[in-house]
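Okay, here's what each chain looks like letter by letter:
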Amino acid sequence: MKTYKEEIAELLVPHTGLTAQEIVWAITLPQHLDHGDFAFPCFPLAKKLRKAPPAIANDLAGLIKPVGAITKVEALNGYLNFFIDPADFAKRTLGAIALQGAAYGSSSRGAGKTVVIDYSSPNMGKELAFHHLRGTMIGNSLGKLYKRAGYRVVRINHLGDWGTSYGKLIVMFLRDGLKESDLEAMTIERLNALYTAFSNAAKDDPALEDQAREAFQRLEAGDARYRGLWQAFKDITLKELQRIYGFLDVEFDSYTGEAFFLDRMPATMGLLAGKNLVKASQGAEIVDLTEHNLPPVMLRKTDGATLYITRDIAAAIYRKETYAFDRCLYVVDNGQSLHFQQLIKVLELAGFDWYKGVEHVPFGLVLIKSEEGGWEKGKTRSGQSSLLKDVIEGAQEKILGIIREKNPEATNKEGLALQIGVGALVFSELKNRRLNDIRFEWDKALSFEGDSGPYVQNAHVRLCSILRKSAERAGRTGADHPAQAGVGGIDFTKFPEPQAQSLIRTLSLFPDKVGTAIEANDPCPMAQYALEIAEGAHGFIHSCRVLGSVEEKDRLFLIDCARIALGQTLDLIGVPPIEEM
RNA sequence: GCACCAGUAGCUCAGCUGGAUAGAGCGCUGCCCUCCGAAGGCAGAGGUCGCAGGUUCGACUCCUGCCUGGUGUACCA
């Protein structure tokens, strides 16, 4: 079926000398309802026709006869405004939602293409901190968005599981007199404590740093005992990670961390040397990028050990070979921008033309309000831990109290509180543009009012509640989902209220919003869109009684379509679309 | 020094490939529950879109320069 824009373009082609494609591209959505549904700006034609834009608009308005769903064409301020029959608009929009259901907004733009997304990627031996949440949820959302656009998506957690840090862990483990038999009882908290203990001890005993480097060298050399400890530490970390990811409903297709690429180091170094890129400098091996206005890339330290970026180069090549990706996205904080500029430049210089598909997707800091009132990285509140699990539990606890007060009959209050808490935290991190530093305020994020996770979840809950009550009235169990039955019997002229019109217009934007989010590699447009739907839903529910009204059947249908669109939007950004709260 | 990012209402932020009168939330002033969830809705006050140039019929949006702030910058990851 043709879109409205395409229909309008057909009308304009004979009079403008533009192609249909150019016109579709130029058509915009008016900001004000009384300006119609679509607008064609006549300004670009002014030079070509040597006429003032308002005059062109007037001429075109006289030449074009409304046909089909287009009911009126009007010239205003140099724009040609098109008005669509509201019933037709409602039928197309809601019909598409009813037909596609949970697949609403799917497209084939990514058909046959593969995108690899690297996100979260914490360091092993440490617990997920609050600041890991943003990148994790951005990557999670991008994965879902790309899937909806028809891409094959490979989600990778590039664990930081190699480096001197693991020498430190081993040193402290042995220094405490611990043995392999103690690994059974080892927890992530205790591993974390070993790190802290190391930094404290190293202040008094600088020799510890050397011991850690030695331990890491033994690890790299393949010492069996050290490798065994390392593997045990990694297993403990993974188990805990998956527990937290479970709370967030985040998944990965691969956990290939840095260590996975160790045996590819010689080949990678050889490949770069073969391209004449490797240079000796102060006892280390580097790639000199001065003529590209970048600092040098260190591939190998004086002690012979490889570095982070060396493994990243190997990993990029491996991913290309393994997944044949068209695009490879690294969702990593903006502080790493130099690193990724270097990585991509090295891939280019090495002659890999696919470097063009490799892209850093940076995001800004999450700043916390300090006691002095300033903004800083780190702790969520003075004296309070910045571990992600503690933040989630804190949110859950606070919300549990509110649920007990506002909805004492709710079943599974703990589970609901967790989903609302996660929704609140996730929404507060995704509603802003990716690159903006976020000023996180605990109370605001968990606020039950305004532009918040609970606000958008609440709109979904109210829609579900009406559908549930509808079933209840008819003696059915569960909730009614009239959209599943299709558009048969629905009277699309029954939505004349401005609140209904506004809601339908908002629902029609879903596919465009998915596209916008993907082009920007940013879930933010989707989160903003969730607010728009929620606002539209609240407005409609407030002013248009559904159950018991003359238009009950038609309004229930609209409610169900709004529920689908909002539920899908929430799912795409990783906010749990709950049905009661 | 170089690199990346940000600067829009008192505060926290939206604003699609340049387009019609720059939008929300919080806070502030008021109003609306005999009515499907008030975790909601409605109204009001509040802006020289960091500064200066440039491109354009048209700039919050693009370009250049500056100012301010954040982050990063070879032997950590």
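Parameters and conventions
- Residues numbered from 1 in each chain as written.
- Chains lettered and ligands numbered in written order.
- Predicted model: local features only at pLDDT ≥ 70, side-chain atom pairs only at ≥ 80, totals over all residues.
- Heavy atoms only, no water.
- Helix = DSSP H or I, 4+ residues; strand = E, 2+ residues; numbered from the N terminus.
- Buried < 20%, exposed > 50% of the residue type's maximum accessible area, 1.4 Å probe, protein only.
- Contact = heavy atoms within 4.5 Å.
- Areas by Shrake-Rupley, 256 points an atom, 1.4 Å probe, with all protein chains shown as cover.
- Lys, Arg positive; Asp, Glu negative; His and termini not counted.
- Charge placed at Lys NZ, Arg CZ, Asp CG, Glu CD.
- Near = heavy atom within 4 Å.
- Polar contact = N/O pair within 3.5 Å; in protein donor to acceptor, adjacent residues only side chain to side chain.
- Pairing = 2+ DSSP bridges.
- Axes fitted to C-alpha atoms, helices over the stretch in contact; angles between N-to-C directions.
- Salt bridge = Lys/Arg side-chain N within 4 Å of Asp/Glu carboxyl O.
- Domains from an automatic or database assignment.
- Arc of directions from axis to C-beta.
- Right-handed = clockwise from strand over helix to strand, strands pointing away.

## Re the overall build of chain A
Per the secondary structure count, chain A includes 21 helices and 13 strands. Along the first, second and third principal axes, the C-alpha set of chain A runs to 85 × 65 × 45 Å. Every one of the 581 residues in chain A was classed for burial, and the buried ones make up 52%. Within chain A, contacts between residues at least 6 apart in sequence are counted, and of these 72% link residues at least 24 apart. Total accessible area computed for chain A in this model is approximately 26,400 Å², and 50% of it derives from carbon and sulfur atoms. Separation between the mean location of the 68 positive side-chain charges and that of the 74 negative ones in chain A comes to 3 Å.

## What to know about the protein's contact with RNA strand B
Around RNA strand B lies a shell of 66 residues, among which Trp25, Tyr79, Glu258, Phe448 and Asn458 are the nearest. Sugar and phosphate atoms constitute 63% of the interface atoms of RNA strand B, taking the interface as everything within 4 Å of the protein. Lys301 is positioned with one of its side-chain polar atoms (N or O) 3.0 Å from a phosphate oxygen of RNA strand B. In the environment of RNA strand B, a phosphate oxygen lies 2.7 Å from a nitrogen or oxygen atom belonging to the side chain of Arg462.

## A few points about the sheet that holds strand S5 (residues 152-156)
Overall, parallel pairing links the four strands, which are arranged S5-S4-S9-S10 in an open sheet. The open sheet has two edge strands with one neighbour each: S5 and strand S10 (358-363). Across this sheet, the average inter-strand angle for adjacent strands is 20 degrees, counted without regard to direction. Pairing geometry for strand S9 (residues 327-333) and S10, over six bridges, is parallel.

## Some details on the side chain of Gln568
Looking at the element boundaries, Gln568 is found in helix H21 (residues 552-573). Beyond its immediate stretch of four places on either side in the chain, Gln568 contacts Gly101, Ala102, Arg148 and Phe510.

## Notes on the environment of Glu579
Checked against the element boundaries, Glu579 lands in the segment after H21. Taking the relative accessible area as the measure of exposure, Glu579 reaches 46% and is therefore partly exposed. It is 9.6 Å that separates the C-alpha atoms of Glu579 and Gly567, two residues lying twelve residues apart in sequence. Residue contacts for Glu579: discarding those within four places in its chain leaves His460, Val461, Cys464 and Arg468.

## Some remarks on the pattern of salt bridges
In total, this model carries 32 salt bridges according to the counting rule given. Put simply, Arg92 and Glu7 hold a salt bridge, and the shortest N to O gap is 2.7 Å. Of this pair, Arg92 sits in helix H5 (residues 86-100) while Glu7 sits in helix H1 (residues 4-16); the two residues are 85 residues apart in sequence, bridging distant segments of the chain. Using a relative accessible area of 18% as the deciding quantity, one classes Glu7 as buried. Asp88 serves as the salt-bridge partner of Arg92, at 3.4 Å between the closest nitrogen and oxygen.

## Concerning the domain arrangement of chain A
Here chain A is described as being made up of domain 1 (4-84) and domain 2 (117-277 + 305-363). One C-alpha centre belongs to domain 1, the other to domain 2, and the line joining them spans 54 Å.

## What to know about helix H4 (residues 53-63)
Owing to its 3.6 residues per turn, the α-helix aligns residues three or four sequence positions apart on the same side. For H4, the complete set of buried residues consists of Pro53, Ile56, Ala57 and Leu60. One face of H4 carries all of its buried residues, which in axial projection span an arc of 100 degrees. Where H4 is buried, its residues meet H1, helix H3 (45-49), strand S2 (70-76) and strand S3 (79-84).

## Considering the pairing of strand S4 (residues 114-118)
With five of its five residues buried, S4 lies for the most part within the structure. In S4, alternate side chains face the same way, and those of Thr114, Val116 and Asp118 on one face and Val115 and Ile117 on the other are all buried. With five bridges connecting them, S4 and S5 associate as parallel partners. Looking across to S5, one finds that Thr114 is bridged to Arg152. One crossover worth recording links S4 to the parallel S5 by way of helix H6 (residues 132-148), and it is right-handed. Bridge count for S4 against S9 is four bridges, and the pairing is parallel. Within S9, the position partnered with Val116 by the bridge is Cys328.

## Quick notes on unusual backbone geometry
Most of the time, phi is negative for any residue but glycine, and the peptide bond is trans. A positive phi is found at Arg50, a non-glycine position, where the angle reads about 55 degrees. Examined against the element boundaries, Arg50 turns out to sit in the loop between H3 and H4. Using a relative accessible area of 76% as the deciding quantity, one classes Arg50 as exposed. Here the phi dihedral of Asn412 falls at roughly 50 degrees; this positive angle occurs in a residue that is not glycine. Tracing the chain through its elements places Asn412 in the loop between helix H14 (388-406) and helix H15 (413-430).

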